[in-house]
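Coordinate analysis (summary)
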Amino acid sequence: MEDLRNTIEEILNEEIIKIVISNRSNKEVKYNKINFILKENSKGEYYQIEQYTDKQVFHENIEKNMLKEKLLECMNSNYKQMSVWSKGSNFEVKISKKGKIFLGKKKSDNSKLINKSHNKEKITYLKRV
């Protein structure tokens, strides 16, 4: 548990854009996958959580300072994998069957992923005549 806490603290030193938690280790967990996406509204920045079941998606909004606790709650013996995208890096966290934590980090420009608006924007395509 302490290794997981240290790993999450190391990752959260950067500005996080998106997190995907997947690969359930506990089959009694309700959600197949959980996404954390950075959003912004008039009150400031927050994270929107998307929790996927087989047929539904549940949304929840949390403040930025609640991210660490929520990640610990989700990862603690429930999931084995976490992918994280920050402005300058990609992180891969994998937990083995024995509980050993592997952290991979790659430099990457993820500025294209930043879309903090709450509503998705419609993409229009030009018709060829």
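Each remark here, short or long, concerns the structure printed above.
Residues numbered from 1 in each chain as written. Predicted model: local features only at pLDDT ≥ 70, side-chain atom pairs only at ≥ 80, totals over all residues. Heavy atoms only, no water.

Let us now look at the pattern of salt bridges. One pass over the structure, following the stated rule, counts six salt bridges. Notably, a salt bridge pairs Glu60 with Lys70, separated by 3.6 Å at the nearest N-O pair. Here Glu60 is found in strand S4 (residues 57-63), whereas its partner Lys70 is found in helix H2 (residues 67-75), with 10 residues between them in sequence. Classification of Glu60 by relative accessible area gives partly exposed; the value is 30%. Here Lys70 falls in the buried class, since its relative accessible area comes to 16%. (Salt bridge = Lys/Arg side-chain N within 4 Å of Asp/Glu carboxyl O. Helix = DSSP H or I, 4+ residues; strand = E, 2+ residues; numbered from the N terminus. Buried < 20%, exposed > 50% of the residue type's maximum accessible area, 1.4 Å probe, protein only.)

For any pair of aromatic rings, the description consists of the separation of the ring centres together with the inter-plane angle of the planes. Summed over all chains, the structure comprises one aromatic pair. Here Tyr31 and Phe58 contribute two aromatic rings whose centre-to-centre distance is 6.1 Å and whose plane-to-plane angle is 65 degrees, an arrangement assigned as edge-to-face. Of the two residues, Tyr31 sits in the loop between strand S1 (16-24) and strand S2 (33-41) while Phe58 sits in strand S4, which places them 27 residues apart along the sequence. Its relative accessible area of 16% is what places Tyr31 among the buried residues. Taking the ring centre of Phe58 as reference, the NZ or CZ of Lys30 above it sits at 5.2 Å. Taking the ring centre of Tyr52 as reference, the NZ or CZ of Lys33 above it sits at 4.8 Å. (Phe/Tyr/Trp six-rings, centres within 6.5 Å; stacked < 30°, edge-to-face > 60°. Lys NZ or Arg CZ within 6 Å of the ring centre and 35° of its normal.)

Ordered in space as S4-S3-S2-S1-S5-S6-S7, the seven strands form an open sheet in which the pairing is antiparallel. On the outer flanks of this sheet lie S4 and strand S7 (101-107), each paired with one strand and no other. Here the average twist between neighbouring strands, direction ignored, is 15 degrees. By the bridge criterion, nine bridges tie S2 to strand S3 (residues 44-52) in an arrangement that is antiparallel. (Pairing = 2+ DSSP bridges. Axes fitted to C-alpha atoms, helices over the stretch in contact; angles between N-to-C directions.)

These values are about where atoms sit, not about what they do.
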